[in-house]
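Inside the fold
Read off the chains here:
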Protein chains: 2
Amino acid sequence: MDIITSSSNQRVKDWKKLSQKKARIKQEKYMLDGWHLVKEAILFDQPISEILVTQDFKHRNELEVPDNVEVIEISDNVAKHLSETPSPQGIFAVVNLPENAEEKPEKATGAWLFLDGVQDPGNIGTMVRTADACGFSGVVFGEGCADMFQPKVVRAMQGSQFHLKLCSGNLIEWAKEFKQRKLPVFGSELNDQARSYDQVGRHSDFALVMGNEGNGMSEKLLKETSLNLYIPIKGHAESLNVAVAAGILMFGLME
Amino acid sequence: MDIITSSSNQRVKDWKKLSQKKARIKQEKYMLDGWHLVKEAILFDQPISEILVTQDFKHRNELEVPDNVEVIEISDNVAKHLSETPSPQGIFAVVNLPENAEEKPEKATGAWLFLDGVQDPGNIGTMVRTADACGFSGVVFGEGCADMFQPKVVRAMQGSQFHLKLCSGNLIEWAKEFKQRKLPVFGSELNDQARSYDQVGRHSDFALVMGNEGNGMSEKLLKETSLNLYIPIKGHAESLNVAVAAGILMFGLME
């Protein structure tokens, strides 16, 4: 097998560009970095186009590559060049972007997390991972959110994108549709009508909205919620980290 | 007022060094970066030695400096040099390290979070903030944790270090003492005897142990817990982020 050793190799350049949204859209691909993510992608039959691996990659013997996937050997330097972590494990997969499954709110069942302008990639990825662990059906990325296939989001999701549905959508429309179907849309903003999250029972089909780290939910979407929930703060902290709050709410609401 | 405009000024050099643990211990000080943290420190009567502020600092008019605190003007460049964020707000406070309050487990009341080898500064800071919001009395940093006054921990704590007790300690001793006083010490590790966190009732005086991100709790400490708790995972995620898990457990256990 040939080894790619130069960062100026055209394929390396193309992979490197996948850290940018524009290139991801153009190439219709994104990158997984690290053994756990690559394993998950293989296990969940993801459309992998190439696997990149260094000679020293530790788990090389365990790597079971699906038939139609090209395996390319890269040097440690190329691995370092491609990775956003200081000590890459030496394994990457290039995966086709999922076709926007065009999830329809009319047909959505189960619990859904709506992200309204959430910007920190680590928070977003952690919330997707938590939604997965809590048995949610999917996550809808509304306007103003960081891109779901940005490297830092992908790292924090830890492969949960293979386990539940992720889609971009108009949250106002999603909220209206849920309400029309008599499914509760829980906002997370403290207002006069807000109720403590542990006083509203447990649910199987519902939506939970998490807002922007600094500014909370948008005014317009706030009007479309069925009820706003708060987490009672007992100490002197002004607020909770959005991903922590989302975890408390999801596990508190889910039947 | 004189303005410090050079990063090679000796005082600037000393402040800059406060990002290192060794220098924090030597100078017995640590640094707050940003308006929210400085405001909290003033509000909660912290032992501030100096406040550093740029000419352009936005909230300058609102800054009410306690009598005995020296205010020093710095240039934008010095602010950038001192800050670990790309766009510093232009306000810093240098604060004396709290004397190790020598919290004694024999006298501890309320709920306590034990951190066993937690290494990510963001996770640590977020857990301290969540413990504050949940009304915990304090956090004990066991062996192998990142330093509590490291800049990234301080940023994530968002001032919660002024609201509850933080101390370093031997967690084995803390756990033994709690158990001797018949206070439950809840571990967070899945084993045969582990119980779901929502099946053990709510408590006012107890300890909750969170372990290392990759390896969980240490074997030795695991033997000293009264009961191990788990969070039921419904999807395909292998685990939760440690700070999210801590939030779910704290709010689920606290009376």
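The structure displayed is predicted, hence computed values, not measured ones.

1. Comments concerning the packing of helix α5 (residues 121-133) of chain A against helix α9 (residues 242-253) of chain A
Residues and elements named next belong to chain A. Orientation of α5 relative to α9, taken along the N-to-C sense of each, is 15°, at an axis distance of 9 Å. As judged from the angle between their axes, α5 and α9 are roughly parallel. Crossing geometry of α5 relative to α9 is assigned as right-handed. Note on element contacts: α9 touches α5 through Val242, Ala243, Ala246, Gly247, Met250 and Phe251, opposite Asn123, Thr126, Met127, Thr130, Ala131 and Ala133. Across the contact of α5 with α9, the residue classes tally to 8 nonpolar, 4 polar and no charged.

2. Quick word on the pairing of strand β11 (residues 206-211) of chain B
Residues and elements named next belong to chain B. Extensive coverage of β11 is indicated by the burial of 6 of its 6 residues. Residues Phe206, Leu208 and Met210 of β11 are buried on one face, and the alternating residues Ala207, Val209 and Gly211, pointing to the opposite face, are buried as well. Sheet analysis places strand β6 (residues 111-116) next to β11, joined by 6 bridges and oriented parallel. If you follow Phe114 over to β11, its bridge partner there is Val209.

3. Points about the side chain of Thr225 of chain B
Residues and elements named next belong to chain B. You can see Thr225 is positioned in the loop between α8 (219-222) and β12 (227-230). Among the polar contacts listed, one links the side chain of Thr225 to the backbone oxygen of Leu222, at a separation of 2.8 Å. One polar contact links Thr225 to Asn228, side chain to side chain, over a distance of 3.4 Å. If we skip the residues at most four places from it in the chain, Thr225 touches Lys179, Val185, Gly187, Val209 and Met217.

4. Focus: the environment of Lys16 of chain B
All names here are of chain B. Here Lys16 shows up in helix α1 (residues 10-17). Taking C-alpha positions, Lys16 is 38 Å from Glu219, a pair spaced 203 residues apart along the chain. For Lys16, the contacting residues outside a window of four places in its chain are His81 and Leu82.

5. So, unusual backbone geometry
All names here are of chain A. The backbone of Gln158 sits at a positive phi, close to 55°, despite the residue not being glycine. Relative to the helices and strands, Gln158 is located in the loop between α6 (151-157) and β8 (165-168). By relative accessible area, which is 33% here, Gln158 ends up partly exposed.

6. A few points about the domain arrangement of chain A
Residues and elements named next belong to chain A. Assigned domains within chain A: domain 1 (3-96) and domain 2 (111-253). The C-alpha centroid of domain 2 is placed 31 Å from the C-alpha centroid of domain 1. Interface area, domain 1 with domain 2, both sides summed: about 1100 Å², of which 64% is carbon and sulfur. On the domain 1 side of the interface with domain 2, the three residues burying the most area are Arg24, Tyr30 and Leu37, jointly 40% of the side's total. Viewed at the interface, domain 2 and domain 1 are joined by 2 salt bridges. Salt-bridge contacts for Arg24 lead to Asp147; the nearest nitrogen and oxygen are separated by 2.7 Å. At the junction of domain 1 and domain 2, the tally comes to 5 residue pairs in polar contact (both at pLDDT 80 or more). Elements represented by at least two residues in the side of domain 1 that touches domain 2 include exactly α2 (21-27), β2 (29-33) and α3 (35-43). In terms of residues, the side of domain 1 that touches domain 2 owes the most to one element, α3, which gives 4 residues. Broken down by class, the residue content of the side of domain 1 that touches domain 2 amounts to 6 nonpolar, 4 polar and 4 charged.

7. Looking at the relation of the copies chain A and chain B
For the pair chain A and chain B, the best superposition has an RMSD of 0.0 Å and corresponds to a rotation of 180° with a translation of 0.0 Å parallel to the axis. The transformation just described matches what one would write down for a two-fold rotation axis. Both copies contact each other with a shared surface, as 100% of the interface residues of chain A are interface residues in chain B too.

8. Some words on the interface of chain A and chain B
Listed per partner, the contact involves 31 residues of chain A and 31 residues of chain B. Here chain A meets chain B over a buried area of about 2400 Å², counting both sides, of which 60% is carbon and sulfur. Counting the contacts that link chain A with chain B gives 0 salt bridges. Across the chain A-chain B interface, the total number found is 14 residue pairs in polar contact (both at pLDDT 80 or more). Listing elements by their share of the side of chain A that touches chain B, those giving two or more residues are α3, α5 and α9 of chain A. Class assignment for the residues of the side of chain A that touches chain B results in 14 nonpolar, 11 polar and 6 charged.

Cut-offs applied
- Residues numbered from 1 in each chain as written.
- Chains lettered and ligands numbered in written order.
- Predicted model: local features only at pLDDT ≥ 70, side-chain atom pairs only at ≥ 80, totals over all residues.
- Heavy atoms only, no water.
- Axes fitted to C-alpha atoms, helices over the stretch in contact; angles between N-to-C directions.
- Helix = DSSP H or I, 4+ residues; strand = E, 2+ residues; numbered from the N terminus.
- Parallel < 35°, antiparallel > 145°, perpendicular 65-115°, else oblique.
- Left-handed = near helix turned anticlockwise from the far one by under 90°.
- Contact = heavy atoms within 4.5 Å.
- Nonpolar A, V, L, I, M, F, W, Y, C, P; charged D, E, K, R; others polar.
- Buried < 20%, exposed > 50% of the residue type's maximum accessible area, 1.4 Å probe, protein only.
- Pairing = 2+ DSSP bridges.
- Polar contact = N/O pair within 3.5 Å; in protein donor to acceptor, adjacent residues only side chain to side chain.
- Domains from an automatic or database assignment.
- Buried area = accessible area lost by both parts, 1.4 Å probe.
- Salt bridge = Lys/Arg side-chain N within 4 Å of Asp/Glu carboxyl O.
- Least-squares fit on C-alpha atoms with pLDDT ≥ 70 in both.

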